[in-house]
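Next come the chains, spelled out residue by residue.
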Amino acid sequence: MAERVFAGKLHRAGFADVWVGGHRPFGIDQAALYPLFTPEVIQVMRETIPADRQDHVASGVIVKARRPQ
Amino acid sequence: MARDLMFQQEIKETVQQAYAAIATGAGETVARRHYNDQELAEVPPGAVDWALGVGNPVRYARLEPGLVVLDVGSGGGIDTIMAARRVGPQGRAIGLDVLEEMCERGRTHAAQAGVEGWTEFRRGEMEDIPLPDASVDVAISNGVLNLSARKSRALAEIFRVLAPGGRICMADLTVEGDLPPEVANDQSAWAG
């Protein structure tokens, strides 16, 4: 899910003061540490994602928002 | 519409089966990426072993004693326990997970941490949270919303259980641009 899509869904749910920050790159090497990513999908990622994107396939973010009073 | 609903059900089952099948979490290597030594010292080793998150929502959530906090997709309970320490016995920490075995792990780890008196784990889905309206002050989650095939529904449910003025603080992954279809369509990519 893209960041702007995430924020849009929060707005549509009724949340206010949506803030997205704390960005950290999430690459294939990080994904490989999680047991939910099978070795097969990690291998597919290494084969299909361009080398210059492999250390930043996604971003870890913190998303904050508030339910209005 | 029927195809879409089937797709949603398939995703839900895939994610649940994937989580039910794993023998451990991502472990200390991943936990050390997100939590500092002081934070990790707050939780028992089993909760660290079962860490599966992608960030540290508790650090950003501004939790205070007396608040009611809901951890959506609590897994082994690492963030629930950290939240429980911050809200204290005047408050309440509720872990929600779709898998009963994860709830059991959370209960075990909360008891080991000594916060079981004001911490509970409930089995339930983030798209149908088993809590009353306006009963939560802060909702946290860690790498969980992306697992839902009905993200808008899950956010609407979190909005419903939050009290007016309540806050949400979530760690998750965002992706800009397209992933190769071989990756995007792989079942374990959904679960991961």
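Up top is the structure these notes are about.
Residues numbered from 1 in each chain as written. Chains lettered and ligands numbered in written order. Predicted model: local features only at pLDDT ≥ 70, side-chain atom pairs only at ≥ 80, totals over all residues.

**Student:** Account for the sheet that holds strand E2 (residues 92-97) of chain B, with residues named and values stated.
**Tutor:** On the basis of which strands lie adjacent, the open sheet formed by seven strands has the order E1(A)-E2(A)-E5(B)-E4(B)-E1(B)-E2(B)-E3(B) and mixed pairing. Each of the sheet's edge strands pairs with one partner strand only, and the pair in question is strand E1 (16-26) of chain A together with strand E3 (119-123) of chain B. For this sheet, the mean angle separating the axes of adjacent strands, direction not counted, is 15 degrees. Looking at chain direction, strand E4 (residues 136-142) of chain B and strand E5 (residues 162-174) of chain B are connected through six bridges and run parallel. Directly across from B:Ala139, in E5(B), lies its bridge partner B:Ile168. Along the sheet, helix H6 (residues 78-87) of chain B makes contact with strand E1 (68-72), E2, E3 and E4 of chain B, crossing E2(B) at roughly 165 degrees. Here helix H7 (residues 100-113) of chain B sits on the sheet in contact with E2 and E3 of chain B, set at roughly 175 degrees to E3(B). (Pairing = 2+ DSSP bridges. Helix = DSSP H or I, 4+ residues; strand = E, 2+ residues; numbered from the N terminus. Axes fitted to C-alpha atoms, helices over the stretch in contact; angles between N-to-C directions. Contact = placed C-beta atoms within 7 Å.)

**Student:** Go over the interface of chain B and chain A, please, and point to the residues and values.
**Tutor:** At the junction of the two partners, chain B supplies 39 residues and chain A supplies 36 residues. Mapped by element, the contributors of at least two residues to the side of chain B that touches chain A are helix H2 (27-34), helix H5 (57-60), helix H8 (151-161), E5, helix H9 (181-184) and helix H10 (187-191) of chain B. Broken down by element, the residue count for the side of chain B that touches chain A peaks at 12 residues, all from E5(B). Residues of the side of chain B that touches chain A, tallied by class, amount to 23 nonpolar, 10 polar and six charged. Sheet topology places strand E2 (residues 58-66) of chain A next to E5(B); eight bridges connect them, and they run antiparallel. Counted as the bridge partner of A:Lys64 is B:Cys169 from E5(B). (Nonpolar A, V, L, I, M, F, W, Y, C, P; charged D, E, K, R; others polar.)

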